[in-house]
Amino acid sequence: MAAEAEEGLAARLLTEQVKRSSAELVSGDGVCWVSVLSCLLLACAYVGSLYVWRSELPRDHPAVIKRRFTSVLIVSGLSPLFVWAWREFTGVRTGPSLLTLMGIRFEGLIPAVVLPLLLTMVLFLGPLMQLAMDCPWTFIDGIRVALDPCFWMLCVSDMRWLRNQVVAPLTEELVFRACMLPMLVPCASPATAIFTCPLFFGVAHFHHVIELLRFRQGTLLGIFLSAVFQFSYTAVFGAYTAFIFIRTGSLDSPLEMGRGDQLSRRGSE
């Protein structure tokens with residue numbers, strides 16, 4: 001793990017001096033402004049893609065989920081262009097390719113997935129134990145269900161499961177970790193980037209307030225307090241996943257951690 005950490009995002013961006021083209025496009029202070037504005041624009045594009053469809057249906061309706069899948073996958077697929085445009089505009093030159101910079105690589109894949117996932121399971125050991133104790137299945141029954149193709153077909157056909165376990169973790173980690181951190185690290189220390197990046201992720205979750213107010217799911221004070229708590233939680237967990245991403249340099253690490261977080265929260269409900 002230590003060897004892989006040396007090859008992580010921080011090592012690629014910070015241990016070598018950041019090289020610039022002979023015609024510097026943006027000054028040192030300007031790089032930070034461009035980086036922050038690029039992250040803000042990317043976050044707005046991600047959240048805005050959820051509301052390009054006009055509908056009177058709630059967010060958990062399959063038709064709404066399918067439409068949002070389309071728009072958010074388009075934005076996520078285009079998100080690497082933000083990093084490319086940022087790099088070209090600022091003149092920042094980094095050693096690895098764009099995909100490698102974003103943590104999309106196969107080197108060290110197994111430890112980058114297994115070790116952070118185990119660490120996250122330890123962090124959420126309480127909710128996971130509660131989930132196991134409340135489960136009516138025995139361990140053998142659980143193994144049989146996990147190996148049953150019909151079970152996975154049922155999961156894949158469930159739009160909410162696909163959203164919570166596949167599309168949301170994949171797109172959120174790609175946009176808010178893999179794309180934003182490479183833009184923030186060059187103009188700040190790793191610690192600053194780790195605690196700045198989750199703020200975009202946390203603020204992006206405030207859009208849930210719109211639907212809660214729209215369908216009157218609670219009082220104004222209750223909705224506001226819920227939004228503040230969700231912002232705090234997502235900011236803290238986002239800092240944790242950002243740290244792991246910088247240490248491993250792999251997108252698979254925060255992706256699996258996000259899925260583990262979704263599972264643990266089921267146990268605490």
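Our structure is the block above this text.
Residues numbered from 1 in each chain as written. Predicted model: local features only at pLDDT ≥ 70, side-chain atom pairs only at ≥ 80, totals over all residues. Heavy atoms only, no water.

Q: Help me understand the overall build of the protein chain in this model?
A: Along its length, the protein chain carries 14 helices and two strands. Here the protein chain, with 269 residues, has 43% of them falling under the buried criterion. For the protein chain, restricting intrachain contacts to residue pairs at least 6 apart in sequence, the fraction spanning at least 24 positions comes to 76%. (Helix = DSSP H or I, 4+ residues; strand = E, 2+ residues; numbered from the N terminus. Buried < 20%, exposed > 50% of the residue type's maximum accessible area, 1.4 Å probe, protein only. Contact = heavy atoms within 4.5 Å.)

Q: What am I meant to see in helix H4 (residues 62-90) here?
A: Working note: α-helix, 3.6 residues per turn, so residues spaced by three or four point in the same direction. In this model H4 runs 42 Å from its N-terminal to its C-terminal C-alpha over 29 residues, within 8% of the 42 Å that 1.5 Å per residue would give. Along its length, H4 reaches its greatest deviation from straightness, about 30 degrees, at Leu-78, and the proline Pro-80 lies no more than four positions downstream. Positioned one or two residues after H4, Gly-91 has a phi angle of 80 degrees, which is positive. (Expected span 1.5 Å × (residues − 1). Bend = angle between axes of the 7 residues up to and from the residue.)

Q: It is not clear to me how the nonpolar core should be interpreted in this structure. Could you clarify?
A: One broad trend across soluble globular proteins is that nonpolar side chains are buried collectively. Counting residues in hydrophobic clusters, the biggest one holds 40 residues, and the most contacted among them are Met-102, Phe-176, Met-180 and Leu-181. Only helix H3 (28-48), H4, helix H10 (159-184), helix H11 (190-204) and helix H13 (220-248) provide two or more residues apiece to this core. The element that contributes the greatest number of residues to this core is H10, accounting for 12 residues. Counting five residues, the second largest nonpolar core, distinct from the first, contains Phe-124, Phe-237, Ile-244 and Met-257. (Core = buried A, V, L, I, M, F, W, Y, C linked by side-chain atoms within 4.5 Å.)

Q: Sorry, what's going on with the state of the cysteines here?
A: One covalent bond between the sulfur atoms of two cysteine residues makes up a disulfide. Using the criterion set out here, one finds zero disulfides in the structure. The thiol sulfur of Cys-187 is not disulfide-bonded, and the nearest other cysteine sulfur, from Cys-32, lies at 3.0 Å. In this structure Cys-197 is a free cysteine whose sulfur lies 6.4 Å from that of Cys-39, the closest cysteine sulfur available. What makes Cys-197 buried here is its relative accessible area of 0%. (Disulfide = S-S within 2.5 Å.)

Q: What am I meant to see in the side chain of Thr-234 here?
A: Along the chain, the position of Thr-234 falls in helix H13. From its side chain, Thr-234 meets the backbone oxygen of Gln-230 in a polar contact 2.7 Å long. For Thr-234, the side chain forms a polar contact with the main-chain oxygen of Phe-231, separated by 3.1 Å. With residues near it in sequence (within four places) discarded, Thr-234 still touches Pro-198, Phe-201, Gly-202 and His-205. (Polar contact = N/O pair within 3.5 Å; in protein donor to acceptor, adjacent residues only side chain to side chain.)

Q: Whenever I open this one, the pattern of salt bridges confuses me. Can you help?
A: Side chains bearing opposite charge may pair, as long as their charged atoms lie close to each other. The tally for this structure, following the rule as stated, stands at four salt bridges. In this structure, Asp-141 and Arg-144 form a salt bridge, with 4.0 Å as the shortest nitrogen-oxygen distance. In this pair, Asp-141 and Arg-144 are both assigned in helix H8 (residues 139-146), three residues apart and thus about one turn of the helix distant. The partner of Arg-177 in a salt bridge is Glu-173, and the shortest N-O contact between them spans 2.8 Å. With Arg-177 and Glu-173 both in helix H10 and four residues apart, this pair spans about one turn of that helix. Among the residues examined, Glu-173 registers a relative accessible area of 3% and is labelled buried. Through salt bridges with shared partners, a single ionic network connects Arg-59, Asp-60 and Arg-163. (Salt bridge = Lys/Arg side-chain N within 4 Å of Asp/Glu carboxyl O.)

Q: Is there a simple way to explain the environment of Tyr-46 in this structure?
A: Inspection of the secondary structure puts Tyr-46 in helix H3. Each C-alpha atom of the pair Tyr-46 and Phe-176 lies 9.4 Å from the other, and the pair is 130 residues apart in sequence. If we skip the residues at most four places from it in the chain, Tyr-46 touches Val-72, Val-75, Ser-76, Ala-168, Thr-171, Glu-172, Val-175 and Phe-176.

Q: What is the right way to look at the packing of H10 against H11 in this model?
A: Helix-helix packing is characterised by the crossing angle of the two axes and by the distance between the axes. As a packed pair, H10 and H11 sit with axes 10 Å apart at the nearest point and diverge in direction by 145 degrees. Crossing of H10 against H11: the hand is right-handed. In this structure, H10 uses Glu-172, Phe-176, Arg-177, Met-180, Leu-181 and Leu-184 to contact H11, whose residues at the interface are Ala-193, Thr-196, Cys-197, Phe-200, Phe-201 and Ala-204. When the residues that make up the contact of H10 with H11 are grouped by side-chain class, the tally is nine nonpolar, one polar and two charged. (Axes fitted to C-alpha atoms, helices over the stretch in contact; angles between N-to-C directions. Left-handed = near helix turned anticlockwise from the far one by under 90°. Nonpolar A, V, L, I, M, F, W, Y, C, P; charged D, E, K, R; others polar.)

Q: I would appreciate a short explanation of the side chain of Arg-163 in the present structure.
A: Tracing the sequence through the fold places Arg-163 in helix H10. For Arg-163, a relative accessible area of 12% corresponds to the buried category. Polar contacts involving the side chain of Arg-163 include one to the main-chain carbonyl oxygen of Arg-59, which spans 3.5 Å. Those residues in contact with Arg-163 that sit more than four places away from it in its chain are Arg-59, Asp-60, Ile-65, Phe-69, Ala-168 and Pro-169.

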